[in-house]
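# Commentary on secondary and tertiary structure
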2 protein chains.
Amino acid sequence: MARNTHVQADTNAPAITAALAHFVATHPSGGWSDAIEAEAHRTWLNWLGCAVGAAEHEAVHAALAAVAQLQPSRQAAVPGRTDRVDMASAALVMGISSHVFDFDDTHLKTIIHPAGPVASALLPLAEVKGASGRQVIDALVLGIDVACRVGNVMYPDHYDRGWHITGSTGMLGAAAACARLLGLNSQQTQMALGIAASQPVGLREQFGTMTKSLHPGAAARAGQMAALMAQAGYTASARALEAPRGFVQTISTKADWSEATSELGQRFEIAFNSYKPYACGIVVHPAIEACAALAQRGVSAEQVQRIDLKVHPLVLELCGKKEPADGLSAKFSVYHGCAAGLMFGRAGEDEFADAVVQRADMVVLRRKVVAVVDTAIHEAAVHLTATLTDGRQEVVHIEHAVGSIERPMSDAVLDGKFHQLCDSRLGAEKAGRLLAACRQLGSASNVSQLVALATPG
Amino acid sequence: MARNTHVQADTNAPAITAALAHFVATHPSGGWSDAIEAEAHRTWLNWLGCAVGAAEHEAVHAALAAVAQLQPSRQAAVPGRTDRVDMASAALVMGISSHVFDFDDTHLKTIIHPAGPVASALLPLAEVKGASGRQVIDALVLGIDVACRVGNVMYPDHYDRGWHITGSTGMLGAAAACARLLGLNSQQTQMALGIAASQPVGLREQFGTMTKSLHPGAAARAGQMAALMAQAGYTASARALEAPRGFVQTISTKADWSEATSELGQRFEIAFNSYKPYACGIVVHPAIEACAALAQRGVSAEQVQRIDLKVHPLVLELCGKKEPADGLSAKFSVYHGCAAGLMFGRAGEDEFADAVVQRADMVVLRRKVVAVVDTAIHEAAVHLTATLTDGRQEVVHIEHAVGSIERPMSDAVLDGKFHQLCDSRLGAEKAGRLLAACRQLGSASNVSQLVALATPG
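Reading guide: rules and limits
- Residues numbered from 1 in each chain as written.
- Chains lettered and ligands numbered in written order.
- Predicted model: local features only at pLDDT ≥ 70, side-chain atom pairs only at ≥ 80, totals over all residues.
- Domains from an automatic or database assignment.
- Contact = placed C-beta atoms within 7 Å.
- Nonpolar A, V, L, I, M, F, W, Y, C, P; charged D, E, K, R; others polar.
- Pairing = 2+ DSSP bridges.
- Helix = DSSP H or I, 4+ residues; strand = E, 2+ residues; numbered from the N terminus.
- Axes fitted to C-alpha atoms, helices over the stretch in contact; angles between N-to-C directions.
- Core = buried A, V, L, I, M, F, W, Y, C linked by C-beta atoms within 7 Å.
- Buried ≥ 20, exposed ≤ 12 C-beta atoms within 10 Å, placed from the backbone.
- Expected span 1.5 Å × (residues − 1).
- Left-handed = near helix turned anticlockwise from the far one by under 90°.

## Observations concerning the domain arrangement of chain A
Residues and elements named next belong to chain A. Domain boundaries in chain A define domain 1 (16-275) and domain 2 (282-398). When each unit is reduced to the centre of its C-alpha atoms, the spacing between domain 1 and domain 2 is 32 Å. Counting residues at the interface gives eight residues for domain 1, matched by seven residues for domain 2. Residue classes in the side of domain 1 that touches domain 2 are distributed as three nonpolar, four polar and one charged.

## Notes on the sheet that holds strand S5 (residues 304-311) of chain A
Residue and element names in this part refer to chain A. Taken together, four strands build an open sheet; the order of strands is S6-S5-S7-S8 and the sheet is mixed. Each having just a single partner strand, strand S6 (369-373) and strand S8 (393-398) make up the two edges of the open sheet. Here the strands of the sheet are splayed against their neighbours by 15° on average, with no regard to which way each runs. Pairing geometry for S5 and strand S7 (residues 382-388), over six bridges, is antiparallel.

## What about the interface of chain B and chain A?
The interface is formed by 63 residues belonging to chain B together with 63 residues belonging to chain A. Listed by contribution, the elements that provide at least two residues to the side of chain B that touches chain A are helix H3 (58-68), helix H4 (87-99), helix H7 (157-161), helix H9 (186-197), helix H10 (211-231), helix H11 (247-251) and helix H14 (313-319) of chain B. Among the elements that take part in the side of chain B that touches chain A, H10 of chain B stands out by supplying seven residues, more than any other. A per-class count over the side of chain B that touches chain A returns 30 nonpolar, 24 polar and nine charged.

## As for the pairing of S7 of chain A
All names here are of chain A. In terms of strand pairing, S7 meets S8 through six bridges, oriented antiparallel. Bridge pairing links Leu384 to Val396 in S8. The turn joining S7 and S8, which pair antiparallel and follow one another in sequence, is formed by four residues; a positive phi near 90° is taken by Gly391.

## With respect to the nonpolar core
Judged by nonpolar contacts, the single largest core of 346 residues is most densely connected at Leu122 and Ala175 of chain A together with Leu122 and Ala175 of chain B. If near-sequence neighbours (up to four positions away) are discounted, Leu122 of chain B is found in contact with Val136, Ala139, Leu140, Ala177, Cys178 and Leu181 of chain B.

## So, helix H6 (residues 133-154) of chain B
Owing to its 3.6 residues per turn, the α-helix brings residues three or four apart onto one side. Compared with the 32 Å implied by 1.5 Å per residue over 22 residues, the 32 Å span of H6 of chain B between its first and last C-alpha is a close match. Across the 22 residues of H6 of chain B, 21 count as buried, placing the element largely inside the fold.

## A look at the packing of helix H2 (residues 34-53) of chain B against helix H20 (residues 428-439) of chain B
Residue and element names in this part refer to chain B. The N-to-C vectors of H2 and H20 enclose an angle of 145°; their axes lie 8 Å apart at closest approach. Relative to H20, H2 is oriented so that their crossing is right-handed. Across the interface between the two elements, His41, Trp44, Leu45 and Leu48 of H2 pack against Leu435, Cys438 and Arg439 of H20. Looking at the contact of H2 with H20 residue by residue, the classes come out as five nonpolar, one polar and one charged.

Laid out in structure tokens, this is it:
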């Protein structure tokens, strides 16, 4: 009956649960650079724009129909909708709506989409508790720091193994953020992280289905509830993250502990957050940009005989769907992304509509794209060679796609994206005021004006 | 940048998600032997007794305080209490209360405690939907079958790695059970399993804290919500369990697929469920029984100089806490269990009270116990040698502890345990009527009488 019960237990891991909890509970309000402060506001507005924009998505409808069965109280808003539900359900639904377009933010070191779980947990809690915008921004920066630092500890092995790292670290970020917003002390915050650590969410197998978006939503709900439970005295292991049968060692084969605490309070992971110009998996973005550049040169879909791409390995691993049947699966198709870039010069949510994905000319164009892995190509790059029907060749090389660390989206482009997402839901004028409220969140006395502006009608 | 992205993907795994979903949706009501039908009722009453008995536990108080922050509707009862909350929160709280005494059931092949996640999801849903007792029993048998079969696929490697298998398979059992109760078809049930598959709960590091009990509670809530979401049209991967980056291959290093479907509909895993005579980790039970036998021979604590135990390896791995500080941690101490067995002749919840754990004579007695692993000892056995102060030695060998498959608890003993748990909460007369209602659940037209009897006052 004897068996090898735990292959690789590291019993000497540093006390990262305690260290991160102490940091979250005690770091000074606004204790970071202006650049970090600005990035926090950019992260917030990008997240809220995505949530508002997708508020009528069928995944949001289905989730709200399930939530309605609980006869929830009307304590918190669902941005982009007139529904109000309890704050835990609001976190769930907002996590879904902010992610379902695959248009949200990306922590480029780990491919975590951090705002989904963290901000979705925060906004309804802030609404119910009457928290200030300053408290929300503080909690957002610190919560994202926790999620992404734990992601750094485990990435890439954890992600490679099959975990959708957004949901499997997001509940820690949400717990940290909500603990901060609630004013929990270090010990209570440690318990909140411990409670959350038992509830990782997300399998990569779900990509292309609504459950991908459940991952940030369920993580937001779990983290928010973990903080509320810790506040009420619920206990967990004080070493939940680092113990031999704790979170990291159970769900990852990589554990680079130093990532959790190196330069803690000096380096903020939100600095590595980026925003998507295209509504799909970020690894496809360089290829879309290259095809859009081709279109800008005047090359039309009919002129193209074949498009050859050299891509980073993750492109085909994550987004290799050759014949996507609908919009959700097309978001994981470099072939559809390229077709959209060439046909329309853009790849927003409209270009991933089911009807567009199923158009005969798009099917034909997708099949002209041939992608091969080239290990010399990094994640933000692509090399494209288009062979035209007249035999000519066009070459486009993208070294750093827009939305990469090297070429961040400008504020103006981000504002444009916000309007693109929100105008149809809220009207352009109200969307503009919501955008301004997001940009000034850190000085708002509470979130009620922002919530009102995010509500249609 | 190239890396080994997935070491051991099995791309040819059989379609167990579809097979289990079809089974759950289509197996005939009551389509099993009388023995299985009886075991389902035993499982139900043991679970409800535990939930009622622990209704005033501080973990339940803390969880309900957090739930109260959501201003929940009063649609479902919390057995043993007068509180009413929404059905998802009721599932959460009941999963906690039924497990926090560590007195619940055990599927002996996997150490899964299956009723916690499955029955806790079912009862509030049945109350809200007005389901019949027949529907509840059907859903219970099928839900437990799904959780335990998936457990068999992964056990022991998955558990060894650090997962608390009760919570990391329980959300599948809860989803299956609730899907059955809601009358979902095969395809919808497949989606429910898929949605649940992204939400495994539970780390073994949490043993000895309240979060251990959160595991069946959060799994119950996740599974119930997964079924409600699937009913509302939420989608997931149709191969969520078996795909290369699906549930099993992501969270386990063992994948014995045949366990999922062999003799499906013929062999029911609830047949391997057992009930605890002692309120602690089941691997300690043989040692407690041996010490209680010693007490029955007239040996007193003062007479004992030293107790030597030969135990199965899991005893020290799971329950090796030498100096437990409180009741929760004492449940994971073979030393405290032995002291209780010898001092009191029993080890119910009372013998794990903080005050008992901290008694000076119990501390002294615990320190007289020396446990060593013997790989010849199986999980239901123990070999005890007591050396008395006068030099005499007493030997007790337990080959099959009470509660093992070979020596199941009788109905009479189970009824006694139910009264021991419920009388102080409900009064003996009402507890007796509740017990009768549990025994007749399969023929009840709904669960309202059972719920009324489980409510104090």
